[in-house]
Amino acid sequence: MIRIQEILDKIASYHSDADLEAIRKAYVFAAAHHAGQMRRSGEPYLSHPLAVADTLADLRLDDDSIIAGFLHDTVEDTSATVQQIRDGFNDEVAEIVDGVTKISQITFDTKEEQQAENIRKMILAMSEDIRVLIVKLADRLHNMRTLEFQKPEKQQSIARETMDIYAPLANRLGLHRVKMELEDLSFKYLKPDAYDQIAAWLERHEQTDAKYIAEVKSDIGEMLNESRIQGAVKGRIKHTYSIYRKMTSQSLALDEMHDIIAFRVIVDDLKDCYMVLGLVHSRWKPVPGRFKDYISMPKGNMYQSLHTTVVGPRGERMEIQIRTEEMDRLAENGLASHWLYKEGSRVKARDVRQFAWLREMLDWQKVENDSKEFLRTLRFDLFKDEIYVFTPNGDVKELPETATPVDFAYQIHSKVGDHCAGAKVNGKLVPLSATLKSGDYVEIITNQNRHPSRDWLKFVKTAKARSRIQHYIRTEERDRTIALGKDILEKQGRRYGINFQKAIKEIDEQKFAAEFNLRTLDDLYSAVGYSHIQTTRVFRAMQGLLDPEGAVQAGPPGGGQPPSEAGQRDSEKRAEKKKADSISISGGGDDILLRFAKCCNPVPGDHIIGYVSRGRGITVHTADCPTILTAEPERLLSINWEGQREEPFPTRIHIIAKNLKGILYQVSKVLYEQDINIDAGSLRSNVDGRAEFTLTIEVRDTVQLYQVMAKLRRLDDVLEVVRSVVTPEGKRHADTA
């Protein structure tokens with residue numbers, strides 16, 4: 001177990017004015033409150049806050065951060081309170097501990113919702129004080145180091161969350177060492193076979209690699225001495241997970257991996273960086289396309305360095321990074337640690353230019369309600385590799401690799417994205433879905449009449465663009481369903497002799513909406529437009545709120561039939577209602593509008609599925625209908641046939657037969673003998689002497705359907721009988737079942 005004095009000595013080495021007594025006091029506070037508690041490893045619980053504080057000291061954090069590291073679990077796991085911490089230390093420490101505690105205290109129905117909400121909380125907390133995230137990362141790092149004591153399923157769950165969320169966040173903060181260790185530890189539990197294979201391979205090559213590293217370090221050292229440049233050279237083997245990523249991305253075997261050793265040259269000042277680059281390129285041949293200047297164009301986390309790949313002394317590729325001591329410290333310990341202990345006060349990340357990505361995340365998480373979409377896009381956004389493109393004025397914008405002009409437009413401003421009509425890249429018109437590259441100059445053409453398209457969601461790469469597009473689509477859809485709902489209620493009202501708009505003014509709108517557990521009248525209109533609420537319920541509720549002798553009735557005037565011009569339409573609806581009575585909806589109620597798809601005409605016995613149509617209730621399809629196979633998964637609903645009904649169901653069959661006299665009579669006779677009615681049909685003669693006809697017939701269920709299809713196939717002149725389905729493109733699709 002780490003000793004408190006080791007941590008104090010480490011802090012004093014980089015922060016001469018540190019309040020070591022306050023830090024020692026936090027250690028005593030944590031020891032007293034965690035007394036008697038043990039970890040799964042069998043160690044005293046105090047070993048955990050000590051390890052967290054030690055990691056924060058390695059990162060050169062300020063006093064308050066390290067004190068919070070000691071205390072971060074006391075509120076959650078002991079009797080300590082935030083107020084006690086505030087009274088015993090200060091407001092800054094109390095706020096950090098409270099922020100870390102709140103991340104883990106919410107429970108939800110599903111694991112995905114819990115994970116999404118925890119991350120939302122973390123984003124909010126770290127926007128107020130970035131130290132909340134840094135303490136949480138140190139906490140997660142020690143938990144990953146001791147993950148072997150958890151159950152296997154817990155190991156997988158924690159490792160996946162670490163790989164998806166915490167390692168990328170560490171990278172975003174520039175905490176390179178933390179990021180690498182989190183990745184390697186996660187990789188060890190997520191893919192143990194691959195991890196062990198790479199680890200064993202590295203161990204076998206350890207002596208050879210060490211000799212190679214010493215040789216190259218010596219060569220570079222000689223170059224520096226000859227040019228009278230003060231500097232140090234480091235060499236290391238790339239970490240396990242980065243080797244695995246390279247293997248999978250380039251489809252390489254371990255023995256084909258050559259550039260797994262990286263060298264770092266650390267010099268005194270900026271001009272020396274470029275001088276060393278010239279020396280390296282004059283000594284070894286550079287690999288085209290593998291030079292990156294992150295000094296003149298830093299990464300989003302303010303990482304700075306020159307990267308180049310050259311063909312080394314053994315004819316193998318090797319990567320060389322060149323930077324100053326200050327750049328190296330920032331690369332290893334992160335930007336935050338550089339100024340936190342100097343400032344010694346809360347740093348609101350949303351006010352710091354370098355954390356613009358956090359402000360975007362903060363804005364985006366406010367409008368994205370869907371947990372799955374939130375997590376999916378967050379993971380993509382955190383993992384992205386950056387490119388840097390220019391505005392026409394020469395300003396630099398950071399975007400994810402493979403970003404598009406639409407992503408760039410939203411990066412400029414939400415309104416520019418919303419009205420994006422076209423784009424020019426390096427002076428040439430390009431599609432909005434074009435892929436941008438580092439160094440591109442991008443100009444956005446706007447048009448106030450243009451608005452976001454659902455198609456944009458297929459190619460945008462940033463969370464900001466995706467969330468703005470989805471927000472617009474949801475808003476537009478709601479406006480449309482509100483208008484549709486109003487229209488439906490007004491038309492239905494006319495059928496019953498009711499002036500709906502006049503009647504609605506006579507009742508309390510809020511009270512009326514509350515009858516349906518809704519807040520506003522617009523919510524009610526939208527629900528009617530989506531067919532979530534049927535009009536009969538609306539008029540019934542309206543009747544209850546009005547005077548019983550008022551004009552509003554729950555049905556047609558006088559209890560009679562609707563007006564004659566709607567008679568045929570009502571007859572069709574009653575027939576559809578009878579069919580709908582045969583359906584059972586998982587999780588649904590009785591008051592749901594059902595209709596049967598004309599493309600596949602499901603009949604009892606078919607495996608069916610429901611599709612929630614905008615403004616048209618639920619459409620019932622066969623489960624293998626081509627329309628359903630391309631549908632949005634979140635709009636599909638589990639439904640089943642229920643009970644027996646005598647009403648016939650229409651379905652379509654396609655028959656290919658010899659074009660002989662009487663063939664239609666033979667087919668009609670078989671259908672007549674099976675008591676099956678032909679509702680509609682079409683006939684076509686082909687030049688090859690065959691006839692094709694498509695018939696819409698009425699059957700009780702799939703048993704009767706397939707029986708009659710079998711009888712038709714037995715006719716001498718019939719060549720083929722299949723069930724016919726219409727695809728979304730209007731083409732006929734054969735079901736030979």
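Note that the coordinates shown come from a computational prediction; the quantities given were computed from them, not determined experimentally.

Novice: Even after reading the chapter, I still don't get the pattern of salt bridges, so can you show me in this structure?
Specialist: Working definition: two side chains of opposite charge can pair if their charged atoms are close together. Within this structure, the stated rule accounts for 25 salt bridges. Across the pair Arg131 and Asp62 runs a salt bridge whose closest N-O atoms are separated by 2.7 Å. Taken together, the residues span a long stretch of sequence, with Arg131 in helix α9 (residues 131–145) and Asp62 in the loop between α3 (47–58) and α4 (63–71) at a distance of 69 residues. According to the relative accessible area criterion, Arg131 is buried, its value standing at 0%. Look at Asp62 and you get buried, because its relative accessible area is 2%. Across the pair Arg323 and Asp328 runs a salt bridge, and its minimum N-O distance is 2.9 Å. Neither residue differs from the other here; Arg323 and Asp328 are each classed as buried. If you follow the salt bridges from partner to partner, you end up with Lys234, Arg264, Arg323 and Asp328 in one network.

Novice: Teacher, can you tell me more about the confidence of the model for the protein chain here?
Specialist: Regions with low pLDDT should not have their predicted coordinates read in detail. Here the protein chain averages 79 in pLDDT, and 79% of its residues register 70 or above. Predicted confidence is poor over residues 547–575, with pLDDT under 50, and the contacts of this stretch with residues over four places away or in other chains come to 26 contacts.

Novice: What is the right way to look at the nonpolar core in this model?
Specialist: Across soluble globular proteins, nonpolar side chains have a tendency to be buried as a group. Counting 95 residues, the largest nonpolar core has Ile66, Phe70, Leu71 and Ile320 as the members making the most contacts within it. The residues touching Leu71, leaving out its near neighbours within four places in the chain, are Ala26, Phe29, Ala30, Ile85, Phe89, Val93 and Val97. Counting 29 residues, the second largest nonpolar core, distinct from the first, contains Val620, Leu671, Ile697 and Val718.

Novice: Teacher, can you tell me more about helix α25 (residues 521–529) here?
Specialist: Note that an α-helix has 3.6 residues per turn; residues three or four places apart therefore point the same way. Burial analysis of α25 places eight of its nine residues in the buried class, the great majority of the element. Within the span of α25, buried status applies to Leu521, Asp523, Leu524, Tyr525, Ser526, Ala527, Val528 and Gly529. Phi turns positive, to about 65°, at Ser531, one or two residues after α25.

Novice: Just checking my understanding: could you explain the side chain of Thr535 for this structure?
Specialist: Mapped onto the fold, Thr535 is located in helix α26 (residues 535–545). Here Thr535 is in contact with Ile488, Leu489, Gln492 and Val528, once residues within four sequence places are set aside.

Novice: Just to check I follow, could you spell out the sheet that holds strand β9 (residues 420–425) for this structure?
Specialist: Through backbone hydrogen bonds, the strands of a sheet pair up, either in parallel or in antiparallel fashion. Spatial strand order, β10-β9-β11: three strands in an open sheet with antiparallel pairing. Edge strands, defined here as strands with exactly one partner in the open sheet, are β10 (428–430) and β11 (442–446). Neighbour-to-neighbour, the strand axes of this sheet turn through a mean angle of 35°, independent of strand direction. Against the sheet, helix α20 (residues 405–412) makes contact with β9, β10 and β11, and its axis sits at roughly 80° relative to β11, the strand it touches most.

Novice: Just checking my understanding: could you explain the packing of aromatic side chains for this structure?
Specialist: The relative placement of two aromatic rings is captured by the distance of their centres and the angle of their planes. By the definition in use, this model includes 13 aromatic pairs. With a centroid separation of 4.9 Å and 20° between ring planes, the pair formed by Phe390 and Tyr441 is classed as stacked. A residue pair is termed long-range when its members are at least 10 positions apart, and Phe390 in strand β7 (residues 386–390) and Tyr441 in the loop between β10 and β11 qualify at 51 residues. By relative accessible area, which is 14% here, Phe390 ends up buried. When its relative accessible area of 43% is taken as the criterion, Tyr441 is described as partly exposed. Site record: aromatic cluster; members linked through ring pairs are Phe187, Tyr195, Tyr241 and Tyr244. One cation-aromatic arrangement involves Lys25 over Phe89; the distance from NZ or CZ to the ring centre is 5.1 Å. Its end group placed over the ring of Tyr45, Arg39 keeps NZ or CZ at 6.0 Å from the ring centre.

Novice: What is the right way to look at the pairing of β7 in this model?
Specialist: As a general feature of sheets, a regular strand has side chains that alternate between the two faces. Most of β7 is tucked away, with five of its five residues classed as buried. In β7, alternate side chains face the same way, and those of Glu386, Tyr388 and Phe390 on one face and Ile387 and Val389 on the other are all buried. Alignment of β7 against strand β8 (residues 396–400), held across five bridges, turns out to be antiparallel. Residue pairing for β8: Phe390 is matched across the bridge by Val396. Counted between consecutive antiparallel strands, the loop separating β7 from β8 contains five residues, among which Gly394 sits at a positive phi close to 95°.

Novice: It is not clear to me how the side chain of Gln155 should be interpreted in this structure. Could you clarify?
Specialist: Along the chain, Gln155 turns up in helix α10 (residues 152–172). Beyond its immediate chain neighbours, meaning those up to four positions away, Gln155 contacts Leu147, Glu148, Gln150 and Tyr189.

Novice: Would you explain unusual backbone geometry in this entry?
Specialist: Most peptide bonds take the trans form, and the phi angle of most residues other than glycine is negative. Backbone geometry places Thr402, a non-glycine residue, at a positive phi of 70°. One can find Thr402 in the loop between β8 and α20. Among the residues examined, Thr402 registers a relative accessible area of 36% and is labelled partly exposed. Phi at Asn601 is positive, roughly 45°, even though this residue is not glycine. With respect to the secondary-structure elements, Asn601 resides in the loop between β13 (594–596) and β14 (608–613).

Novice: Sorry if this is basic, but what is going on with α10 here?
Specialist: With 21 residues, α10 extends 29 Å between its outermost C-alpha atoms, agreeing within 8% with the 30 Å of an ideal straight helix rising 1.5 Å per residue. Taken as a whole, α10 carries its principal kink of about 45° at Thr162. Following α10 by one or two positions, Gly174 adopts a phi angle in the positive range, close to 80°.

Novice: In this structure, what is going on with the environment of Leu175? I would like to understand it.
Specialist: Within the secondary structure layout, Leu175 lies in the loop between α10 and α11 (176–190). Sequence separation between Leu175 and Leu59 is 116 residues, and the spatial gap between their C-alpha atoms is 8.2 Å.

Novice: Even after reading the chapter, I still don't get the pairing of β14, so can you show me in this structure?
Specialist: Across six bridges, β14 lies against strand β15 (residues 617–622) in antiparallel orientation. Bridge pairing in β15 places Ser613 opposite Gly617. In the sheet, β14 pairs with strand β16 (residues 636–641) via three bridges, with the strands oriented antiparallel. Its bridge partner being in β16, Tyr611 is matched across the sheet by Leu636.

Definitions and cut-offs
Residues numbered from 1 in each chain as written. Predicted model: local features only at pLDDT ≥ 70, side-chain atom pairs only at ≥ 80, totals over all residues. Heavy atoms only, no water. Salt bridge = Lys/Arg side-chain N within 4 Å of Asp/Glu carboxyl O. Helix = DSSP H or I, 4+ residues; strand = E, 2+ residues; numbered from the N terminus. Buried < 20%, exposed > 50% of the residue type's maximum accessible area, 1.4 Å probe, protein only. pLDDT = per-residue confidence, 0-100. Contact = heavy atoms within 4.5 Å. Core = buried A, V, L, I, M, F, W, Y, C linked by side-chain atoms within 4.5 Å. Pairing = 2+ DSSP bridges. Axes fitted to C-alpha atoms, helices over the stretch in contact; angles between N-to-C directions. Phe/Tyr/Trp six-rings, centres within 6.5 Å; stacked < 30°, edge-to-face > 60°. Lys NZ or Arg CZ within 6 Å of the ring centre and 35° of its normal. Expected span 1.5 Å × (residues − 1). Bend = angle between axes of the 7 residues up to and from the residue.

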